[in-house]
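Chains, contacts and geometry: an overview
Spelled out from the first residue to the last, the chains are:
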2 protein chains.
Amino acid sequence: MTIVTKVQQQPEVSKAELEGLHPRELRKIVREGRWTGGTEGLARGYAQANLIILPKEVALDFLIFCQRNPKPCPIVEITDPGSPMITQVANADLRTDLPRYSVYKEGKLVDQPSDITSYWRDDLVGFLIGCSYSFEEALLNAGIPLRHQEENKIVSVYTTNVPCVPAGRFAGPMVVSMRPVKRDQLVRAVQVTSRFPATHGAPVHIGDPSLIGVDLEKTDFDTGVFELAEDDVPVFWGCGGTPQAVALASKIDFMITHKVGHLFVTDKLSEAIAAI
Amino acid sequence: MTIVTKVQQQPEVSKAELEGLHPRELRKIVREGRWTGGTEGLARGYAQANLIILPKEVALDFLIFCQRNPKPCPIVEITDPGSPMITQVANADLRTDLPRYSVYKEGKLVDQPSDITSYWRDDLVGFLIGCSYSFEEALLNAGIPLRHQEENKIVSVYTTNVPCVPAGRFAGPMVVSMRPVKRDQLVRAVQVTSRFPATHGAPVHIGDPSLIGVDLEKTDFDTGVFELAEDDVPVFWGCGGTPQAVALASKIDFMITHKVGHLFVTDKLSEAIAAI
């Protein structure tokens, strides 16, 4: 296996310069260390994915956990155990091709590097988990506005009181994202997102937040809070933060994830991975 | 773990007596050893599933294989390693709740019992894989006739020249089922089956069989051959025979599957597991 070290040899680029780039070109710039910022709004139309890297000894249980909780944990690709290479949704190296990572030891954040080559071990397995950026574009295309984009905030994320189906050492509540939807667009919002089971799919809950243990004022992870108008209904989708939160809570010796908002950009058009 | 031995204490039942039974009642009769025949046409409306049981040491690679080949290998449920219990799509014991099994050692069929309690080991993992019986009912409901049911044959199954994406020791060609569809019903057939990604989903090929290395006269596994009328188009779907064939070819020490046609009957209505 070739060891790739990310050394910045060319100047950083601005977000404006990245606009319209194909994911391959974008990942090259990221690999060169010239972009270490967030990926929201980049490579529009292409699916992005959450990253979790775990030791092989817990990979089977984690995979069973994801299979049992497909709404929050839709798996997009799994690497061969020991290999950091993505081969299906892109040709890419997980050690260098994301702009920034979070490295955890014994459940504690220890580093947020832009390159994890020095952290890679031969017993690691990489998991890409679907991300809601994909279906958000479909919502916009269907004429359903996204409040957090309009207000330039991060989408609201909440930890519910709904338990995931456990598997081995992995257990915990479902994490959800919330978007306010106008009452007369509810049906369309369900239809549109149902087409994308690989990126969380249909909502897990519509309406009264208290029924899933959520107080709209109290978001997790410093995400946005939105004021609801009278004709706004809060709609909740499974969130890729779930497997991360669950893996973190299980206090695995070693885990690497993408840094929040700094996702893996695939070569797959979101529309190309829709179920129908 | 309670050891359940299947001892027949009541007389066998006829297939006619099983008609209209709920899956729970059907599995009880199967567990009592009173029905060891096929499951096609039973518990209509409920999803059935293929079974593969493998040692834990190959389970991770097998699961990665299935994730990479979702059309032929859609996973419906995975047991906790070491446990034969199904808890999500039914409350059931995989050792007793299927009418008949095939037991393989070193890639060779060694037994076809109606109970595998004596074969169970603490390192085994059970996989339920979606079965096309589910979407066949949806096709019928949409007014698309099924030739093999009309002619009382087994649906045609072929091994293609299309390689699956390999994972670890698991590699091999995709196995498909073929149903002739009238040209003017092609679009509807794609739409209807696309709704069921958990049971193979949309077709993998439409039309000229030679493009996927198939000679329609030469089926695999002694399945049916159908004469095509001029307005018939052969339509091919991923088949649950794929993971079995691939696992068999990889010569795993030990593997148990359902016997062909003797499937696991879930408590889930097919319509309830549709993507949309």
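The structure presented is a predicted model; accordingly, all values stated were derived computationally and were not measured.

The helix and strand inventory of chain A stands at seven helices and 13 strands. Over its C-alpha atoms chain A spans a radius of gyration of 18 Å, differing by no more than 12% from the 19 Å that the globule rule assigns to 276 residues. Its C-alpha atoms put chain A at 55 × 45 × 35 Å along the principal axes. Scored against the burial criterion, the 276 residues of chain A give a buried share of 56%. Sequence separation of 24 or more characterises 76% of the internal contacts of chain A that already satisfy a separation of 6 or more. Summing over all exposed atoms, chain A offers an accessible surface of approximately 11600 Å²; the carbon and sulfur share of this is 51%.

Counted under the stated rule, the structure contains 28 salt bridges over all chains. Between Asp267 of chain B and Arg27 of chain B there is a salt bridge, with the nearest N and O atoms lying 2.8 Å from each other. Highlighted residues: Asp267 of chain B in strand β13 (residues 264–269) and Arg27 of chain B in helix α2 (residues 23–31), separated in sequence by 240 residues. Residue classification places Asp267 of chain B among the partly exposed residues on the basis of a relative accessible area of 23%. One network of salt bridges, in which partners are shared, links Arg147, Lys182, Asp231 and Asp232 of chain A.

Here we take up the relation of the copies chain B and chain A. Superposition of chain B onto chain A requires a rotation of 180° combined with a translation of 0.0 Å along the rotation axis, giving an RMSD of 0.0 Å. Taken together, the rotation angle and the small translation identify this as a two-fold axis. The rotation axis passes nearest to the C-alpha of Leu60 of chain B in chain B, at a distance of 2.6 Å. Most of the interface of chain B is mirrored in chain A, where 100% of its interface residues are also at the interface.

A few words on the packing of aromatic side chains. Per the stated rule, a full pass over the model turns up twelve aromatic pairs over all chains. For the ring pair Phe65 of chain B and Phe170 of chain B, a centre distance of 6.4 Å and an interplane angle of 50° mean the geometry is tilted. Separated by 105 residues along the polypeptide, Phe65 of chain B in helix α3 (residues 56–68) and Phe170 of chain B in the loop between β8 (156–163) and β9 (173–182) bring together distant segments of the chain. Judged by centre distance (5.2 Å) and plane angle (35°), the ring pair of Phe135 of chain B and Trp237 of chain B falls under tilted. Taken together, the residues Phe135 of chain B in helix α4 (residues 133–141) and Trp237 of chain B in strand β11 (residues 232–238) connect sequence positions 102 residues apart. Taken together, the ring pairs connect Phe62, Phe65, Phe127 and Phe170 of chain A into an aromatic cluster.

Right, let's talk about the domain arrangement of chain A for a bit. Residues and elements named next belong to chain A. With domains assigned, chain A is organised as domain 1 (19–32 + 42–132 + 244–273) and domain 2 (143–239). Between the C-alpha centres of domain 1 and domain 2 the distance comes to 22 Å. With 24 residues of domain 1 at the interface, the matching set in domain 2 holds 24 residues. Together, the buried faces of domain 1 and domain 2 total about 2100 Å²; carbon and sulfur atoms form 62% of this surface.

Here we take up the interface of chain B and chain A. Contact with chain B, which involves 24 residues of that partner, is made by 24 residues of chain A. Taking both sides of the interface into account, the surface hidden between chain B and chain A amounts to around 1900 Å²; carbon and sulfur atoms contribute 63%. The salt bridge involving Arg68 of chain B is made with Asp80 of chain A; its shortest N-O contact spans 3.1 Å. The interface formed by chain B and chain A holds eight residue pairs in polar contact (both at pLDDT 80 or more) in total.

Residue and element names in this part refer to chain B. Across the interface, α4 lies against helix α6 (residues 186–194) with an axial gap of 9 Å and an inter-helix angle of 135°. Comparing the axis directions of α4 and α6 gives the class oblique. Between α4 and α6 lies a crossing of right-handed hand. Contacts from Phe135, Ala138 and Leu139 in α4 reach Ala189, Val192 and Thr193 in α6. Of the residues that constitute the contact of α4 with α6, the class distribution is five nonpolar, one polar and no charged.

Here we come to the sheet that holds β11 of chain B. All names here are of chain B. With antiparallel pairing, the four strands of this open sheet are ordered in space as β8-β9-β11-β10. In this open sheet, the two edge strands, each paired with only one partner strand, are β8 and β10 (205–206). Strands β9, β10 and β11 of the sheet are contacted by α6, whose axis makes an angle of about 15° with β11.

Thresholds applied
- Sequence order as written defines the numbering, with residues in each chain counted from 1.
- Whichever chain is written first is A, and whichever ligand is written first is 1; the rest continue in order.
- Per-residue local features are limited, in this predicted model, to residues with pLDDT of at least 70; the limit for side-chain atom pairs, both in listing and counting, is 80 or more; totals at the level of whole chains, interfaces and linings are taken over all residues.
- Side-chain calculation: all heavy atoms of the structure are included, whereas hydrogens and water are not.
- A run of DSSP states H or I qualifies as a helix once it reaches four residues; a run of E qualifies as a strand once it reaches two. Both are numbered from the N-terminal end.
- As defined in this context, the radius of gyration uses C-alpha atoms, and a globule is described by 2.2 Å times the residue total to the power 0.38.
- Buried, partly exposed and exposed residues are distinguished by accessible area as a fraction of the type maximum, computed with a 1.4 Å probe on protein chains only: under 20%, between the cut-offs, and over 50%, respectively.
- In this analysis, two residues are considered to be in contact whenever any of their non-hydrogen atoms come within 4.5 Å of each other.
- Method for areas: the Shrake-Rupley scheme with a 1.4 Å probe, in which residue coverage is limited to the protein chains shown.
- A side-chain nitrogen of Lys or Arg and a carboxyl oxygen of Asp or Glu constitute a salt bridge if their distance falls within 4 Å.
- Copies are brought into register by a least-squares superposition over C-alpha atoms of residues with pLDDT of at least 70 in both.
- Stacked, edge-to-face and tilted are the three classes for Phe, Tyr and Trp ring pairs, Trp counted by its six-membered ring, which pair at centre distances within 6.5 Å; planes under 30 degrees apart are stacked, over 60 edge-to-face, the rest tilted.
- Where each domain starts and ends follows an automatic or database-derived domain assignment.
- Put simply, buried area is the surface a 1.4 Å probe can reach on two separate parts but cannot reach once they are joined, added for both.
- Two N or O atoms count as a polar contact when they lie within 3.5 Å, although within protein this holds only if one can serve as hydrogen donor and the other as acceptor, and sequence-adjacent residues are included solely when both atoms are side-chain atoms.
- Axes here mean lines fitted to C-alpha atoms, for a helix over just the part in contact, with angles spanning 0 to 180 degrees between N-to-C directions.
- Roughly parallel means an angle under 35 degrees; roughly antiparallel, over 145; roughly perpendicular, 65 to 115; everything else is oblique.
- For any helix crossing, the convention is left-handed if the near helix is rotated counterclockwise from the far helix by under a right angle, and right-handed if that rotation is clockwise.
- Residue polarity is assigned by list, with Asp, Glu, Lys and Arg as charged and Ala, Val, Leu, Ile, Met, Phe, Trp, Tyr, Cys and Pro as nonpolar; anything else, Gly included, falls into the polar class.
- Two strands qualify as a pair provided DSSP detects at least 2 bridges between them.

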